[in-house]
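Secondary and tertiary structure notes
The residues making up each chain are set out below.
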Amino acid sequence: ISCALSPIPLQVDGLFIIGWMYLPPHDPHVDDPMRFKPLFRIHLMERKCATVECMYGHKGPHNGHIQIVKKDEFSTKCNQTDHHRMSGGRQEVRVLCQESASRLLVHPLSEDRVLLSYLGCWLINCLTYRRIYLPPSSPDDLIKPGLFKGTYGSHGLEIVMLSFHGKKAKGTKITGDPNIPAGQQTVEIDLAHPLHLPDVENLRDFSELSRIVLEVQEQVRREEQEEEHWQEEEDRSQQAASQPAAKPLGGEGAEGEETAAGAEGTTQDKASASQPFVLPMGVISRNEDYPRTCRICFYGTGLIAGHGFTSPERTPGVFVLFDDDRFGFIWLELKSFSLYSRIKVSFQNAEAPSREAFDEMLKNIQSLAT
């Protein structure tokens, strides 16, 4: 389940159903474990009695409400938002700003700006939750798909879902930021176009990496134009019912498919090996503790946009597979590097309800609570 704040794991613990706020570790430590904070709790006291409690804030559980919105979606409402306010007021916010700045290794943000952010958290009243469908796994996948936490510059750590779709892999944002909101495809990896990086010394030269990536980008552009041409030819031949259907460039098309398939098989073999890796000079990384060896690299594109998701565009980059649980992406235009680490979480002494069981419980709880 996800909301605007973060993914929300649901946990059944005795007579309680608990929704936890799923927070990434402090920036830029992507390998640290996730942080948990209870957000709401449903107490099944008796057969025909249930209470909904908001757990947000610093004053303990307080009265709340739950409502089914539609399939795979529900909302919770806090009835006592004064429990969300911090007792220390502006002085406490000032201290929190300084602590955040020291963790993020940046200069403190405008106090008024951060104050507004904290006020928004204090005054949380109603949140809507939507189910997250985790991607299916296939033996042919480069690595196991799933959720990863990654570095996004001054935006801190964000959560991305990695999924595989034939010759493409996609990273979809589960949590967003003022530039790219949740739900957008942050990176796309072209598994049919592995990159052959130079040796470490030459890799330090950003212009050399840029040359390699832009050459592959031009190759991809030509292939897409050829594919569009073949498709137009095929459409025209199908419309000409009085003439026999020709095979426009059929041999080349088949050869292209075989080549792509062969490349895919080759990349699977190469993915088991390793090669030295270093970021080129001038590429900014929030986390300097990235792996110094990688298995394989691919051409990819990353989504960038202005504040408020204005003027979005896909720009070339490099997907770097380090191991089964870590990968990176070099944003060529931004000259920046994002490091991603797999989220590994398990609840102790708790059982997660099935989708059908939880949906039925929510319906019953809503009728009981009202």
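Look above for the structure.
Predicted model only: the values in this text are computed from it and were never measured.

Scanning the entire structure with this criterion turns up 18 salt bridges. With its nearest N and O atoms 2.8 Å apart, the salt bridge here joins arginine 295 to aspartate 324. With a gap of 29 residues between them, arginine 295 in the loop between strand S14 (293-294) and strand S15 (296-306) and aspartate 324 in the loop between strand S16 (310-323) and strand S17 (326-331) connect regions that are remote in the sequence. Several salt bridges share partner residues, and in doing so they unite Asp31, Asp323 and Arg326 into one network.

With that out of the way, let us pick up the environment of isoleucine 66. Along the chain, isoleucine 66 falls in strand S5 (residues 62-70). Exposure remark for isoleucine 66: the relative accessible area of 2% places this residue in the buried category. When the C-alpha atoms of isoleucine 66 and isoleucine 42 are compared, they prove to be 9.0 Å apart, with 24 residues separating the residues in sequence.

This paragraph deals with the state of the cysteines. In the structure shown here, the tally under the stated rule is 0 disulfides. For the unlinked cysteine cysteine 54, the closest cysteine sulfur is that of cysteine 78, found at 3.9 Å. Among the residues examined, cysteine 54 registers a relative accessible area of 11% and is labelled buried. Distance from the sulfur of cysteine 297, which forms no disulfide, to the nearest cysteine sulfur (cysteine 294) is 4.0 Å.

According to the stated counting rule, one finds 16 aromatic pairs in the structure shown. Pairing phenylalanine 74 with tyrosine 129 gives two aromatic rings, centres 4.9 Å apart and planes at 20°, and the pair type is stacked. Taken together, the residues span a long stretch of sequence, with phenylalanine 74 in strand S6 (residues 73-78) and tyrosine 129 in strand S7 (residues 126-130) at a distance of 55 residues. Across the pair, exposure class does not vary: phenylalanine 74 and tyrosine 129 are buried alike. Both rings, one in tyrosine 152 and one in tyrosine 340, keep their centres 6.0 Å apart while their planes meet at 80°; by these two values the pair is edge-to-face. Of this pair, tyrosine 152 sits in the loop between strand S8 (146-151) and strand S9 (157-165) while tyrosine 340 sits in strand S18 (residues 336-342), placing them 188 residues apart in sequence. A single burial state applies to tyrosine 152 and to tyrosine 340, both of which are buried. Aromatic ring contacts, followed pair by pair, group Phe148, Tyr152, Phe298, Phe319, Phe327, Phe329, Trp331 and Tyr340 into a single cluster. Over the face of the ring belonging to phenylalanine 206 we find lysine 335, whose NZ or CZ atom lies 4.6 Å from the ring centre.

Here we take up the environment of valine 278. Relative to the helices and strands, valine 278 is located in the loop between strand S12 (275-276) and strand S13 (284-285). For valine 278, a relative accessible area of 8% gives the class buried. Sequence separation between valine 278 and cysteine 294 is 16 residues; the distance between their C-alpha atoms is 9.3 Å. Contacts of valine 278, omitting those with residues within four sequence positions, involve Val200, Leu203, Arg204 and Tyr290.

Conventions adopted
- Residues numbered from 1 in each chain as written.
- Predicted model: local features only at pLDDT ≥ 70, side-chain atom pairs only at ≥ 80, totals over all residues.
- Heavy atoms only, no water.
- Salt bridge = Lys/Arg side-chain N within 4 Å of Asp/Glu carboxyl O.
- Helix = DSSP H or I, 4+ residues; strand = E, 2+ residues; numbered from the N terminus.
- Buried < 20%, exposed > 50% of the residue type's maximum accessible area, 1.4 Å probe, protein only.
- Disulfide = S-S within 2.5 Å.
- Phe/Tyr/Trp six-rings, centres within 6.5 Å; stacked < 30°, edge-to-face > 60°.
- Lys NZ or Arg CZ within 6 Å of the ring centre and 35° of its normal.
- Contact = heavy atoms within 4.5 Å.

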